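Chains, contacts and geometry: an overview
The primary structure of each chain is shown beneath.
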2 protein chains.
Amino acid sequence: MEKWKEFLVTLCAAAAIGIVSIIFVLRWVLHYKEGLAWDGGLAEFNWHPVLIVIGFIILQGLAIIVYRLPWTWQCSKLIMKFIHAGLNLVAFILAVIAMVAVFDFHNTAKIPNMYSLHSWLGLAAVILYCLQLVLGVGMYLIPITPVSWRAAFMPFHVYSGLFLFTSVIAVALMGITEKLIFGLSNPKYKDSPPEATFVNVLGLLLVVFGALILWIATRKSWKRPSDQILHTLHTDGGGEDNSKVGPALSELSAGADAETCGDVRRRSNKLDDQED
Amino acid sequence: MEKWKEFLVTLCAAAAIGIVSIIFVLRWVLHYKEGLAWDGGLAEFNWHPVLIVIGFIILQGLAIIVYRLPWTWQCSKLIMKFIHAGLNLVAFILAVIAMVAVFDFHNTAKIPNMYSLHSWLGLAAVILYCLQLVLGVGMYLIPITPVSWRAAFMPFHVYSGLFLFTSVIAVALMGITEKLIFGLSNPKYKDSPPEATFVNVLGLLLVVFGALILWIATRKSWKRPSDQILHTLHTDGGGEDNSKVGPALSELSAGADAETCGDVRRRSNKLDDQED
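Residues numbered from 1 in each chain as written. Chains lettered and ligands numbered in written order. Predicted model: local features only at pLDDT ≥ 70, side-chain atom pairs only at ≥ 80, totals over all residues. Heavy atoms only, no water.

Take the overall build of chain A next. Helices and strands together make up the secondary structure of chain A, namely nine helices and zero strands. Helices and strands in chain A line up, N terminus first, as α-α-α-α-α-α-α-α-α. For chain A, with 276 residues in total, the buried portion stands at 57%. Summarising the internal contacts of chain A: among those between residues at least 6 apart in sequence, 74% fall at separations of at least 24. For chain A, the exposed surface amounts to about 11300 Å²; the carbon and sulfur share of it is 71%. (Helix = DSSP H or I, 4+ residues; strand = E, 2+ residues; numbered from the N terminus. Buried < 20%, exposed > 50% of the residue type's maximum accessible area, 1.4 Å probe, protein only. Contact = heavy atoms within 4.5 Å. Areas by Shrake-Rupley, 256 points an atom, 1.4 Å probe, with all protein chains shown as cover.)

As structure tokens, this is what we get:
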């Protein structure tokens, strides 16, 4: 792998910031706010930021870069696809529970649902994330899907994955803004009490986490070796028109999917359907 | 160009949504709010969303995709670089005026500055955008900069450009959230008055505009033909390690920069320093 040290430093930075973000969101709700409970009150609302940060941001970020981890390159692409899909599924479930917590809290407190831009974009992100998950499983985990379809759909799968991840962070920043305005009364947000500064820093951490994940995900030289070969093939074949590589893929992908851990060296000249 | 119709449809959609966004933000401040003035009051504040949407979002978006417009491919890369830098400079100036409007309004109304996550991220975006502009001019418009430096810096220039553009939209969404909470009192934001719904739609339009610009910017087959050749060279040469293409570039870039409009056909086998 090229620039191994750079990759490792970036990965460790992302991991560290991810862990610190989780500590920050937990400290926010446990120290500054009402703690965690499932009682229809503010402590139930607090599950919302906790599950969004842990699930919809950190786990989704991990799911995005899971193919980039060099120590997974000796595992079959199929196993990695299941891990990728599994992490995204857990992230989706946690996002849904996070949404239920807010609806439950709103209904108990007689606060209207779905009035804010945060709620519009948040619901849209959850729905599109579900669609992305269903299409991803249909395209890349159901064996009968034609390989040419897989290749043709890949640019959309990658783009919408990264776009949804970015959108979720943007929506979280809007949520933080809302919560600090509504949740701080004496002193108010504008008086910069310690909680406000602390949670602003959480927002900054989420942005830096997002930036690192997007950097890792978009470095071509950090891809799985087989996907790098495929990328070259794509580019030589005329850019994004992945259908052109269909025939090459159809000859090779079945074998690649059937491999088990340890087969990576034997596989170095094969191509699979460029999951990442 | 591959998929010409798809490109044109995407571009027209982005242009249409950009124009509608400008109409929306103008209608917001002129119809729902206090109009526009430079008097230290709310009408001065209103320059903030107007200039951010027109300058920091729409103009920046145009600056990002200006190399993708096929009818500019007959112009020299140098002219296009000046247009790219010029649009970004205008966007930066409008963003600074937008910030001054807010500081002026806050100071007059005795509202603290720089307490919110929106203000932290917004100021960071303006500072980093300025840095990006200075580094971009230093790298790609000053003739003495070594071509190997230009190539090595390009992945960072492209990544940070797209990341800043995305961040600015996220910050704008936070700003919309703040303004709707603070600016609506009777009825409140949670009561969904027409202004709230109208401005939420503006937020959605900005997200879709961003999605379309990012899609156009990240399609390899929509690049200037010379940059597509360079992309293949990068990939074959080992992914992101652009320094490897330095020697090839140094032979070709001077000629490419010196060309004038109409030279594109003669230039089809040359490479320049992949501005986009």
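All told, the structure shown has 28 aromatic pairs over all chains when counted by the stated rule. An aromatic cluster is present here, built from Tyr140, Phe153, Phe156, Tyr159 and Phe163 of chain A together with Trp215 of chain B joined pairwise through their rings. Over the aromatic face of Trp215 of chain A sits the side chain of Arg219 of chain A, whose NZ or CZ is 3.7 Å from the ring centroid. Positioned above the aromatic ring of Tyr67 of chain B is the side chain of Lys77 of chain B, whose terminal nitrogen or guanidinium carbon lies 5.3 Å from the ring centre. (Phe/Tyr/Trp six-rings, centres within 6.5 Å; stacked < 30°, edge-to-face > 60°. Lys NZ or Arg CZ within 6 Å of the ring centre and 35° of its normal.)

Before going further, it helps to spend a moment on the nonpolar core. With 138 residues, the main nonpolar core has Ile57 of chain A together with Ile57 of chain B as its most contacted residues. Not counting residues up to four positions away in its chain, the partners in contact with Ile57 of chain A are Ile52, Phe165, Val168, Ile169, Ala172, Leu206 and Phe209 of chain A. (Core = buried A, V, L, I, M, F, W, Y, C linked by side-chain atoms within 4.5 Å.)

Moving on to unusual backbone geometry. Between Asn186 of chain A and Pro187 of chain A the backbone carries a cis peptide bond, its omega angle lying at 5°. Mapped onto the elements, Pro187 of chain A comes out in the loop between helix H6 (147-183) and helix H7 (194-217). With a phi close to 55°, Met114 of chain A is a non-glycine residue in the positive phi region. For Met114 of chain A, the location among the structural elements is in the loop between helix H4 (77-109) and helix H5 (117-140). On the accessibility criterion, Met114 of chain A (28% relative accessible area) is partly exposed. Although it is not a glycine, Ser192 of chain B sits at a positive phi angle of roughly 50°.

Everything listed is a geometric property; what it means functionally is a separate question.
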